[in-house]
Amino acid sequence: MKFKRTHTCGELTKAHTGKTVVLSGWVENYRDHGGVEFIDLNDRWGMTQIVFDPEISRKAHELAQHLRSQDVISIKGNVRPRPDGMANPNMATGEVEVYVTDFELLNKSKTPPFDVNHAENVNQEMRLKYRYLELRNPELRNNLIFRSKVTNSIRNFLVDNGFIEVETPVLTKATPEGARDYLVPSRVNSGKFYALPQSPQLFKQALMISGFDKYFQIAKCFRDEDLRADRQPEFTQVDLEMSFVDQEDVMAVVEKLFARLLKEFFNRELKLPLPRMTYDQAMLEYGKDAPDLRFGLKIVELSDVFNDSGFGVFANAVKDGGCVRAINLKNAASSLSRKDLDDMTPFVKVFRAKGVAWIKMNESGPQSPIVKFFKEGEVKALFEKTNAETGDVLIFVADKEPVVCQSLGALREFFGKKLGLIDENELNLSWVVDFPMFEKDQDGNPTPTHHPFTSPKPEDADRLDTDVFSVKSNAYDIVINGTEAGGGSIRIHDNAMQRKIFSILGIDEEQAKEKFGFLLDALQYGAPPHGGLALGLDRLIMLFLNTESIRDVIAFPKTQKATCLMTDAPGVVDDEQLEELSIDIRDNL
RNA sequence: GGGGGUGUGGCGAAGUUGGUUAUCGCGCCGGCCUGUCAAGCCGGAGAUCGCGGGUUCGAUCCCCGUCACUCCCGCCA
């Protein structure tokens, strides 16, 4: 290197006028006017326009003709204010430019496979294969810088509040509950496998029993499940746990953390305490356990109106143990066409709903394919309960309760967007509390809503023997803009209760001992009352930055099939390696 | 495991109700150009239309299969 960098590409202003500087970076774009050539020089700090003028340096100007996108160069030159009217208000450094006296080509680049600065429409295959190039894109780069700042702020907050950061193992043991594990074969224990952690849950409970009192970790977690736009196979949790606390204490700390983040990064005051809603209310009024409270369109329960309806579809749904619920799309009659309404049916088909009924409240009276079946009293009660007025559109789903919740929940969010009811700049935080301890799995057996270490509400505990599905837990989720940003619970710290929960889950003594033996043991050696919470850091950054994909906040994300196109992972391994691990591959194609 | 979308020069797109030179923009190469900022003008190169099979006189287009990317359902304690 001929020159040592003196400044970055993001910092020069008029105040630097007259200074001789050295900048290093990548050629982002060149504009060659024959007599004079402009180049946008890019580094992680920003972009600066540099000027090659033959009157300044004939040689540099001549050599610069060959510079192309993504060449790495180092330039020496003088900072000058741009001529009148030539400033670029869109650039942080737009008031100045650097007249190059000398430069060095540090590394010529091949023609890049795509335009680094405008890659947002390029196929993911390209972007992920050449991720190191795409990361030169300022927007993507700034996402990662923002993520770094948020992570740092979280860490500082927790340390300032007496939390201790402890690392827990990545090579750990497979658990029968929960997501599929990523397995790692053990060479020295042939035939045995480690699992990568789905979360540090049991380790942090162990740390509480050890007396660490307040623990946190920015932890990588791994779940071998199918991916979504907001789900990667490896992701990061801000994991924390506290001893001698109840639900209020944990929630208070997390609220304070968010107040700080919103102040620091958005200059917004978060009003505390955050609003709370029970799980039951969330499901009833919003159709999901993570309600988007940025807009209304609440779901209205109408089963009692229609339990003896003249409209057979509604009456039968209620008779079969399901329900009829509706949303009043206020003042939407004029903006929703017949096609919009008909399109709702395929929209809810994915949730196995049979269809969506609707009533358009026109000036001339209700327009609907179904209203003619209703008895007189039903219409009146319906309009009253939904507060239906001229100009509104009522939409109905009648089915089993989970189907109704999912369908109306999704329709609610769809129309919230379509009708422009959502302020995209809002960050709406709230808690959902009082989750049920158990949900029914496919066979109707209890499965934990949160996880099997969550404690029941003390006042409900006696129903564990008689009516498990009515028992509520000390679990809480923090919800931002309709997305679960994190969740936690007060854990079981009593051996007998933990064994009881295992038994309800169909885990017998022997299995419990094999899978969770150390926990059951540890609970007998002075386990303090404890609880905590984990935040999904990737999702949190997504919400803060309002990005559409989790890939936009991760440096090297995986594809939907969990492959890394840059490294080509996962890959085949040598027979020798497999031999060492005592592994034979079946159906090796 | 299931459903939807996409795949055409390096990148982004158009197109062909099946017809023989596959179009446009960017980029690339060459030339011109002293104030651009995704510069402009002129010229040029570059494509077995994802892959395999079928139907047909003829397939980029129709059919079947397959692969990749993507969105969703299931799944994600």
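Because the structure is predicted, anything quoted here is derived from the model rather than measured. (Residues numbered from 1 in each chain as written. Chains lettered and ligands numbered in written order. Predicted model: local features only at pLDDT ≥ 70, side-chain atom pairs only at ≥ 80, totals over all residues.)

**Q** So what about the sheet that holds strand β2 (residues 37-43)? Which residues, and what values?
**A** In spatial order, the strands read β1-β2-β3-β5-β4; together these five strands close into a barrel with mixed pairing. Adjacent strand axes in the sheet meet at a mean angle of 55 degrees when their direction is disregarded. Alignment of strand β1 (residues 20-32) against β2, held across six bridges, turns out to be antiparallel. The residue of β2 that forms the bridge with R31 is F38. (Pairing = 2+ DSSP bridges. Helix = DSSP H or I, 4+ residues; strand = E, 2+ residues; numbered from the N terminus. Axes fitted to C-alpha atoms, helices over the stretch in contact; angles between N-to-C directions.)

**Q** Describe the environment of E165, listing the residues and the values that go with them.
**A** Examined against the element boundaries, E165 turns out to sit in strand β6 (residues 164-165). For E165, a count of 12 C-beta atoms within 10 Å gives the class exposed. Considering only alpha carbons, one finds E165 and I218, 53 residues apart in sequence, at a separation of 8.2 Å. Leave out the neighbours within four places in its chain, and E165 touches F216 and Q217. (Buried ≥ 20, exposed ≤ 12 C-beta atoms within 10 Å, placed from the backbone. Contact = placed C-beta atoms within 7 Å.)

**Q** An account of the domain arrangement of chain A is requested, with residue identities and associated values reported.
**A** The domains assigned to chain A are domain 1 (14-107), domain 2 (141-277 + 430-553) and domain 3 (295-422). One C-alpha centre belongs to domain 2, the other to domain 3; they are set 37 Å apart. (Domains from an automatic or database assignment.)

**Q** Would you mind going over unusual backbone geometry in detail, with residue names and values included?
**A** Note that the residue after L272, namely P273, is joined by a cis bond; omega there is -5 degrees. With omega at -5 degrees, the peptide bond leading from A569 into P570 counts as cis. As for its position among the elements, P570 is in the loop between α16 (537-545) and α17 (575-580). Non-glycine residue A562 carries a positive phi angle of around 65 degrees.

**Q** Please provide a residue-by-residue account of the nonpolar core, values included.
**A** Soluble globular proteins: nonpolar side chains tend toward being buried together. Counting 82 residues, the largest nonpolar core has W358, I395 and F396 as its most contacted members. In terms of residues, this core owes the most to one element, helix α6 (residues 247-266), which gives seven residues. No fewer than three residues from each of domain 2 (141-277 + 430-553) and domain 3 (295-422) sit in this core. Apart from residues lying up to four places away in sequence, I395 is in contact with A326, I327, L329, M344, V356, W358 and L411. Counting 20 residues, the second largest nonpolar core, distinct from the first, contains C9, F52, A60 and I75. (Core = buried A, V, L, I, M, F, W, Y, C linked by C-beta atoms within 7 Å.)

**Q** Can you lay out the pairing of strand β13 (residues 323-329) for me, pointing to particular residues and giving the numbers?
**A** Burial within β13 is extensive, with seven of its seven residues counted as buried. Both faces of β13 are covered, namely the face carrying C323, R325, I327 and L329 and the face carrying V324, A326 and N328. Taken together, the three bridges between strand β12 (residues 299-301) and β13 define a ladder with antiparallel strand orientation. Each residue of the ladder has a partner; that of I299, found in β13, is I327. In terms of strand pairing, β13 meets strand β16 (residues 393-399) through seven bridges, oriented antiparallel. Bridge assignment links R325 to a residue of β16, and that residue is V397.

**Q** Let's hear about the protein's contact with RNA strand B: which residues, and what values?
**A** Neighbouring residues of RNA strand B: 52 residues in total, closest G34, G35, G178, D226 and Q560. Looking at the surface near RNA strand B, the elements that each hand over two or more residues are β1, β3 (46-52), α2 (124-129) and β19 (446-448). In the surface near RNA strand B, the residues fall into 14 nonpolar, 23 polar and 15 charged. (Near = placed C-beta within 6 Å. Nonpolar A, V, L, I, M, F, W, Y, C, P; charged D, E, K, R; others polar.)

**Q** Residues and numbers for the sheet that holds strand β21 (residues 483-490), please.
**A** Here we have eight strands laid out as an open sheet, ordered β6-β9-β10-β22-β21-β20-β17-β11, and mixed in their pairing. A single partner strand is all that each edge strand has here, and the edge strands are β6 and β11 (276-278). Along the sheet face, helix α7 (residues 279-286) touches β11 and β17 (429-433) and points at about 85 degrees away from the line of β11.

**Q** Help me get a handle on the packing of helix α4 (residues 138-160) against α6, residues and values and all.
**A** Packed helices, taken two at a time, are described by the angle their axes make and the gap between the axes. Where α4 contacts α6, the axes come no closer than 10 Å and their chain directions differ by 140 degrees. Put simply, α4 runs oblique to α6. Regarding α4 and α6, the two cross each other, and that crossing is right-handed. Of the residues in α6, those touching α4 at V150, S153, I154 and F157 are L257, R260, L261, E264 and F265. Taken together, the residues of the contact of α4 with α6 sort by class into six nonpolar, one polar and two charged. (Parallel < 35°, antiparallel > 145°, perpendicular 65-115°, else oblique. Left-handed = near helix turned anticlockwise from the far one by under 90°.)

**Q** Outline α6, listing residues and values.
**A** Its 20 residues give α6 an end-to-end C-alpha distance of 28 Å, which sits within 8% of 28 Å, the value for a rise of 1.5 Å per residue. Looking at α6, one finds that the buried residues are Q247, V250, M251, V253, V254, L257, F258 and L261. Projected onto a plane normal to the axis of α6, the buried residues spread over an arc of 160 degrees and lie on a single side. Its buried side turned inward, α6 meets α4, β10 (234-243), β17, β20 (475-480), β21 and β22 (530-536). Looking one or two residues beyond α6, the residue adopting positive phi is N267, at roughly 50 degrees. (Expected span 1.5 Å × (residues − 1). Arc of directions from axis to C-beta.)

**Q** A description of the environment of V379 should follow, citing residues and the corresponding values.
**A** With respect to the helices, strands and loops of the structure, V379 is situated in helix α12 (residues 376-386). Looking at V379, the number of C-beta atoms within 10 Å reads 15, which means it is partly exposed. A C-alpha to C-alpha distance of 41 Å links V379 and N474, two positions 95 residues apart in sequence. Setting aside anything within four residues of it in sequence, one finds V379 in contact with V371 and F374.

**Q** Explain helix α13 (residues 401-418) to me, using residue names and the numbers behind them.
**A** With 18 residues, α13 extends 25 Å between its outermost C-alpha atoms, agreeing within 8% with the 26 Å of an ideal straight helix rising 1.5 Å per residue. Within the span of α13, buried status applies to V404, C405, Q406, S407, L408, G409, L411, R412 and F415. Against α7, β12, β13, α11 (344-349) and β16 lie the buried residues of α13. Following α13 by one or two positions, G420 adopts a phi angle in the positive range, close to 70 degrees.

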